[in-house]
Number of protein chains: 2
Amino acid sequence: MDPALGALGEFGLIDLIRGRVRAHSPGTVRGIGDDAAVLGVGSAPVLATLDMLLEDVHFQRAWGRPRELGRKTLAVNLSDIAAMGGEPLFALLGLGVPTEEIRLAELEAFLAGLEEEAAASGVTLVGGDTCRSRSGLVLSLALLGRALPPGPVLRSGARPGDSLYVTGNLGAAAAGLLALERGIRPGNAWPDVLLRPAWLGGPEEAVVREAMEHHLAPVPRLAAGRALAGVASAMIDVSDGVASDAGHLCRESGLAALIFAARIPIHPGASVMGRLLGQDPLALALSGGEDYELLFTAATDPAPALAAAVPGLAVSRIGEMQAGAPSVRLLGTDGTVAPLRPGFDHFRGGP
Amino acid sequence: MDPALGALGEFGLIDLIRGRVRAHSPGTVRGIGDDAAVLGVGSAPVLATLDMLLEDVHFQRAWGRPRELGRKTLAVNLSDIAAMGGEPLFALLGLGVPTEEIRLAELEAFLAGLEEEAAASGVTLVGGDTCRSRSGLVLSLALLGRALPPGPVLRSGARPGDSLYVTGNLGAAAAGLLALERGIRPGNAWPDVLLRPAWLGGPEEAVVREAMEHHLAPVPRLAAGRALAGVASAMIDVSDGVASDAGHLCRESGLAALIFAARIPIHPGASVMGRLLGQDPLALALSGGEDYELLFTAATDPAPALAAAVPGLAVSRIGEMQAGAPSVRLLGTDGTVAPLRPGFDHFRGGP
């Protein structure tokens, strides 16, 4: 065990966390230091979500970016609140520490990243649980927020004839993950001449590195989500991949979706990694997951509201909702229509 | 992988959970099936807590009691809400599934136990996260509730001269854990003649079996906590052991505590296991942890309020709060006073 971590002990770590956490949201009556946090949320509906990140499943500690991991632990939950058009307020952190493997400095960097993301999003860490883990770093975060008028945007509100939109572009996280898995590291030189064909120049490398950053520290679309609260009829964040997540919208709304392959905004990093590894960039964009963009339906053009709230954020009309049994089909660039298979299933593996 | 689990897949498991969950609390606007749950809590302060249970750290799956594990996953969080004198309402479950090791039937029994405890406590499971785990069953549960008048009971409210009380008795969970670790199993015959001295008869065996049940499925003191909301000046649940948990009360209240060894209500199972293994039953009771009784301070006798709310629940005056730097000391049966060392520290082991 890192002597610094051993000297600190569990309750020392809690004190360390408590000493570094600042209030970034109103309403904390009682934060870290009691059996439960006491929170003033007012009378608006409370939004609540919980996500887990497990070492060797969701991330590799060997990638060596604990600060980004701290950011991401909160960001993936912020993305859920964004997809409701809500305002995040309070977080509870579950931290299972592999005491025999981890250094205190790594934990401190993780906590600094978490606090950084909390400050950026107006969230206060108000409690949680720490324990020893025998099997890697275990991260669990519950996030509470509140719905904003005109009310939370559910997955179930889509209507036949609504268009299907997505913010930003897709496939960056999947491409970034492929790059990381092949030993490409942020900040390090491109590792292997075998992975460096003649066509892969500086601009191609730059977009792959951007994709890696997107995987390591995704940017939750909070402002976009709020701006869309009065426009979107249904909304979800892209965590499992558009193919799966559009399926969720369809099931909850009782509709079918037709997605236009030609309209998918493929991240340039996905195009590069696809070419490099002989994979279809469109498949990376549709099934890769973890992009944390917003996928939503609307009857009117959302671009003006989005442009006003988040200047420069792209939004693409990628399909439409149709009456019919829940299903997601893809209209290919060749004019054929085929069922779109889902993305990542944690139990079955990958797309 | 269990073929039944493989056939179900991750989203099938979520559908299975969703199909079995019932609403046991008012206010669920939107439960499982969206990016975040939407909850009506009213304008009372929200109570929020999160606990984790990790395989091989908090429990052994080999003990073969998944239903009790489901109950406990919620119960340890209910205990936190009880210690605030509050009302539990909504739970979010994080479930990391060791897909290569676990059978679907075991997961179903776990979920049945969780739902059983939810029904008993008026809690609705409204969301969470499922994923694959490469390293054992990972359980994380966040529980939301609300404070009841006259307001939440904090750890910080003790005053000099208050008495220190505990509900029920202590050491049962520690004794039960010792029994489980030595191969004694609920429902099975006592395993080893070496562990069966002549003095250990039917009554002794019965109290050890009771202690095992207490470890496997602790009973949160919700009704007692509510009854104490108008009586207790400070309160905490006994999760780390009285020695540690009294220390938390002292630190948050800025007081010292003197605990009377002669007044500690030792569970008879702790006396038996202590005698069997040559350990001090008082140490098991003070440092063992996981009893999930309520430890609280009060200026007036809490027995009438408790007797009215929870007939038959014992309450013991085990010490007093004194002005002075935060510390916990033990007045021994021989009249000596010595610092009481803390109980379990997840990073250091213990007690």
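(A) Geometry of the domain arrangement of chain A. All names here are of chain A. One can read the domain layout of chain A as domain 1 (3-146) and domain 2 (163-339). Placing a centre on the C-alpha atoms of domain 1 and another on those of domain 2 gives a separation of 27 Å. On the domain 2 side, the residues contacting the 14 residues of domain 1 number 19 residues. For the side of domain 1 that touches domain 2, the element with the highest residue contribution is helix H2 (residues 66-82), accounting for nine residues. Grouping the amino acids of the side of domain 1 that touches domain 2 by side-chain chemistry returns six nonpolar, three polar and five charged.

(B) Quick peek at the packing of helix H4 (residues 172-181) of chain A against helix H8 (residues 268-277) of chain A. All names here are of chain A. At their nearest, the axes of H4 and H8 sit 8 Å apart, and the two run at 45° to each other. Of the possible angle classes, the one that applies to H4 and H8 is oblique. Considering only the axes of H4 and H8, their crossing is left-handed. In this structure, H4 contributes Ala172, Ala174, Ala175, Gly176, Leu178 and Ala179 to the contact, and H8 contributes Gly269, Ala270, Met273 and Leu277. Here the contact of H4 with H8 is built from residues that sort into eight nonpolar, two polar and no charged.

(C) Structural detail: the nonpolar core. Membership of the largest hydrophobic core comes to 216 residues, with the highest contact counts inside it found for Ala48, Ala91 and Leu228 of chain A together with Ala48 and Ala91 of chain B. Discounting residues that sit within four places of it in the chain, Ala91 of chain B has contacts with Leu74, Ala118, Val123, Leu125, Val126, Leu141, Ala142 and Leu143 of chain B.

(D) Here's a closer look at the sheet that holds strand S8 (residues 232-237) of chain A. Residue and element names in this part refer to chain A. What the seven strands build is an open sheet, ordered S8-S10-S7-S11-S9-S12-S13; its pairing is mixed. Looking at which strands have only one partner, the edges of the open sheet turn out to be S8 and strand S13 (337-339). The sheet shows a mean angle of 30° between the axes of neighbouring strands, taken without regard to direction. When strand S7 (residues 163-167) meets strand S11 (residues 315-322), the two strands line up antiparallel, connected through five bridges. Within S11, the position partnered with Ser163 by the bridge is Glu320.

Conventions and cut-offs
Residues numbered from 1 in each chain as written. Chains lettered and ligands numbered in written order. Predicted model: local features only at pLDDT ≥ 70, side-chain atom pairs only at ≥ 80, totals over all residues. Domains from an automatic or database assignment. Contact = placed C-beta atoms within 7 Å. Helix = DSSP H or I, 4+ residues; strand = E, 2+ residues; numbered from the N terminus. Nonpolar A, V, L, I, M, F, W, Y, C, P; charged D, E, K, R; others polar. Axes fitted to C-alpha atoms, helices over the stretch in contact; angles between N-to-C directions. Parallel < 35°, antiparallel > 145°, perpendicular 65-115°, else oblique. Left-handed = near helix turned anticlockwise from the far one by under 90°. Core = buried A, V, L, I, M, F, W, Y, C linked by C-beta atoms within 7 Å. Buried ≥ 20, exposed ≤ 12 C-beta atoms within 10 Å, placed from the backbone. Pairing = 2+ DSSP bridges.

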